[in-house]
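# Coordinate inspection notes
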Amino acid sequence: MRVLIVGSGAREHALAWKLSRAEGVEELYAAPGNPGMAALAHCVPIAADATVELAEFAASLHMDFTVVGPELPLCLGIADEFARRGLALLGPTRAAAEIEGSKVFAKDLCLRHGIPTAQAIVARNLDEAVAGARRFGLPVVLKADGLAAGKGVAVCRSRDQLDEALVRFFEERAFGTAGERVLVEECLEGSEVSFMVLTDGATILPLASARDYKRLGDGDAGPNTGGMGAVSPTSLPQGLGTAILKDIVYPTVSGLAQEGRVFQGVLYAGVMLTADGPKLLEYNCRLGDPETQVVIPRLDDDLLPLLQAAARGDLGSMRAGWRHEAVACVVLAAAGYPDSPRRGDVITGLGPALALGGTLVFQAGTAMDEGHLVTAGGRVLSVLGRGVSISDAAATAYQAVSQIHFAGMQYRRDIGKDVS
Ligand code: AMP
Ligand code: GLY
């Protein structure tokens, strides 16, 4: 079988690592991939968002299956392009991916199907946003409707933060067309969980539990990022997992199907565990990054049959077995991340980090420059440790981190420290 992975992050490297070991996968391709993936797959220089070019490439090679990592190609309709050519791919159609592509659509879907979420109003201009903020009072949350690379949300706890966000959203128009509509919503308090399921549009198969660490600094200080680390499993009580499935995930999948937007792929619900029960914060139409890096190594079974069954609409017959082990991921980010990551710093120590045993390193923002591996993006490496407990796994990950070096390397020192 020929399999194509679309994307170039550590999430896609983790997929390549797993799929390269799958029975029956003879040729693995990645578009565009990264230097780490190049050891496992043929990397082809087609951008992840070039959906037509990717479909033409897959057709020319008679690709047997394609899996898509990032949200942008899904929101641009890569699944529709592949379906038009009769090519197998796992990922939602453009219509189903709108749950991530438009926060206004997602909010309305919740209202239509009784899915618990924060109350919100849609603002198209400054006056409407100010009125909305007044209605909810502080703290209040502003969200750009469209995709904004994880930067389109402002949680405003003070008047100053709100004023600054209003300027950014409505005067500077920082999010362009993605910010034409803005959700102004009540701020939910509680702890957050990421809940990922594989679905064929009807059957739901929960993936192993995971959580990410969104802020740049220790103790959740500093700016929001794409994710600075993750652990799996989490200590989410069974009852809460069941409640999230029943109140949020099932009504979402069935609601989308009822509305003619059958969702096939990975549905990721970001959930706040509030005093009134779990409430939806946001949907993603894809695997989380870095959650995937800690979930995939725990999967005992082959990944490909699961993904194929979801794409065929045949997930009901499948089971997924998870190893009784813990995995922790520490993300190493470039100097200047998240605002202006520096490129070109030489990375050393990957060999010794991997030689420790119980470690894995997945690459993201890396490139080759005259024979050297160098930084080439915000999140550079996902360094993983495996162990019998989260603290054991985190200790192993940090041992690996201590072997790795590049100028200006930033990482959190507290991944897995708050769980045992
Ligand atoms: P999102 O991109 O919607 O996940 O938002 C990014 C982060 O903002 C979330 O992970 C939460 O930490 C925070 N957030 C979003 N919506 C709310 C809300 N209604 N109340 C409190 N925090 C929120
Ligand atoms: N880790 C959060 C995300 O993938 O969106």
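Look up: the structure comes first, before these words.
Rules used in this analysis
- Each chain has its residues counted from 1, following the order in which its sequence is written.
- Here chains are named by letter from A upward and ligands by number from 1 upward, in the order in which they appear as written.
- Local features are withheld for residues below a pLDDT of 70 in this predicted model, meaning they are given only at 70 or higher, and side-chain atom pairs are given and counted only at 80 or more; totals for whole chains, interfaces and linings count all residues.
- Excluded from the side-chain calculation are hydrogens and water; included are all heavy atoms of the structure.
- Counting from the N terminus, the helices are the DSSP runs of H or I reaching at least four residues and the strands are the DSSP runs of E reaching at least two.
- To get the radius of gyration, use the C-alpha atoms; to get the globule rule, take the number of residues to the power 0.38 and multiply by 2.2 Å.
- Under the scheme applied here, a residue whose accessible area is under 20% of the maximum for its type counts as buried, over 50% as exposed, and between as partly exposed, the area being computed with a 1.4 Å probe on protein chains only.
- Throughout, a residue-residue contact means that at least one pair of heavy atoms, one from each residue, lies within 4.5 Å.
- Note on areas: Shrake-Rupley with a 1.4 Å probe; residue coverage comes only from the protein chains shown.
- His is not counted, nor are the chain ends, whereas Lys and Arg count as positive and Asp and Glu as negative.
- All charge positions are set by atom: Lys at NZ, Arg at CZ, Asp at CG, Glu at CD.
- Pairs of N or O atoms are called polar contacts if they sit within 3.5 Å, as long as, within protein, a hydrogen donor faces a hydrogen acceptor (for residues adjacent in sequence, only side-chain-to-side-chain pairs).
- Pairing of aromatic rings covers Phe, Tyr and Trp, the last counted by its six-membered ring, and requires centre-to-centre distances within 6.5 Å; plane angles under 30 degrees mean stacked, over 60 mean edge-to-face, and any other angle means tilted.
- We count a charge as sitting over a ring when the NZ of a lysine or the CZ of an arginine lies within 6 Å of the ring centre and within 35 degrees of the ring normal.
- In this scheme, strands are said to pair when DSSP sees at least two bridges between them.
- Being near a molecule or strand, for a residue, means having at least one of its heavy atoms within 4 Å of it.
- Residues were grouped as follows: Ala, Val, Leu, Ile, Met, Phe, Trp, Tyr, Cys and Pro as nonpolar; Asp, Glu, Lys and Arg as charged; and all remaining residues, including Gly, as polar.
- To get an axis, a line is fitted to the C-alpha atoms, and for a helix only the part in contact is used. The angle between two axes follows their N-to-C directions and goes from 0 to 180 degrees.

## Points about the overall build of the chain
Looking only at helices and strands, the chain features 13 helices and 22 strands. Over its C-alpha atoms the chain spans a radius of gyration of 21 Å, differing by no more than 12% from the 22 Å that the globule rule assigns to 420 residues. Seen through its principal axes, the chain has C-alpha atoms that stretch 55 × 45 × 40 Å. Counting every position in the chain, which comprises 420 residues, the buried fraction comes to 56%. The long-range share in the chain, meaning contacts at least 24 apart out of those at least 6 apart in sequence, stands at 69%. If you sum the accessible surface of the chain, you get close to 16800 Å²; carbon and sulfur atoms cover 50% of it. Here the chain carries 38 positive and 49 negative side-chain charges, and the mean point of each set is 3 Å from the other.

## Some points on the side chain of Arg-286
By secondary structure assignment, the location of Arg-286 is in the loop between β17 (277-284) and α10 (291-295). The class of Arg-286 is buried, set by a relative accessible area of 12%. Side chain to side chain, Arg-286 and Glu-100 meet in a polar contact 3.2 Å long. Here Asn-284 takes part through its side chain, which lies 3.3 Å from a polar atom of the side chain of Arg-286.

## Topic: the packing of aromatic side chains
Within the structure shown, the criterion is met by four aromatic pairs. Geometrically, the ring pair formed by Tyr-29 and Phe-57 is edge-to-face, given 5.9 Å between the ring centres and 70 degrees between the ring planes. In this pair, Tyr-29 sits in strand β2 (residues 27-32) while Phe-57 sits in helix α2 (residues 51-60), placing the two residues 28 residues apart along the sequence. You'll find Tyr-29 and Phe-57 in the same group, each marked buried. Across from the ring centre of Tyr-411, 3.9 Å away, lies the NZ or CZ of Arg-413, which sits over that ring. Sitting above the plane of the Tyr-398 ring, Lys-417 keeps its charged end 4.8 Å from the centroid.

## A short note on the environment of Gln-119
Here Gln-119 is to be found in the loop between α6 (103-113) and β6 (120-123). Taking relative accessible area as the criterion, Gln-119 reaches 45% and is therefore assigned partly exposed. As a C-alpha pair, Gln-119 and Leu-188 span 69 residues in sequence and 9.5 Å in three-dimensional space. Here Arg-135 takes part through its side chain, which lies 3.2 Å from a polar atom of the side chain of Gln-119.

## Focus: the sheet that holds strand β5 (residues 89-90)
Taking strand neighbours across the sheet as the criterion, the five strands line up as β3-β2-β1-β4-β5 in an open arrangement whose pairing is parallel. Bordering the open sheet on either side are β3 (42-43) and β5, each of which pairs with just one other strand. As judged from the two bridges shared by β2 and β3, these two strands associate in the parallel manner. Residue pairing for β3: Tyr-29 is matched across the bridge by His-42.

## Regarding the site of ligand 2
Taken together, Asp-212, Gly-226, Tyr-268, Asn-284, Arg-286, Gly-288, Asp-289, Pro-290 and Glu-291 are the residues near ligand 2. Here a nitrogen atom of ligand 2 and a side-chain polar atom of Asp-212 are 2.7 Å apart. Within the side chain of Glu-291, one N or O atom sits 2.9 Å away from a nitrogen atom of ligand 2. For ligand 2, whose unbound accessible area comes to 200 Å², protein coverage reaches 88%. Taken together, the residues of the shell around ligand 2 sort by class into two nonpolar, three polar and four charged.

## Examining the sheet that holds strand β11 (residues 204-206)
Strand order in the open sheet formed by four strands is β11-β10-β16-β17, with antiparallel pairing between adjacent strands. Pairing within the sheet leaves two strands with one partner each, and these edge strands are β11 and β17. With strand direction ignored, the average angle separating the axes of adjacent strands in the sheet is 35 degrees. Where strand β10 (residues 191-199) lies against β11, three bridges are found, and the strand directions are antiparallel. Looking across to β11, one finds that Thr-199 is bridged to Ile-204.

Read these as geometric descriptors, not functional statements.
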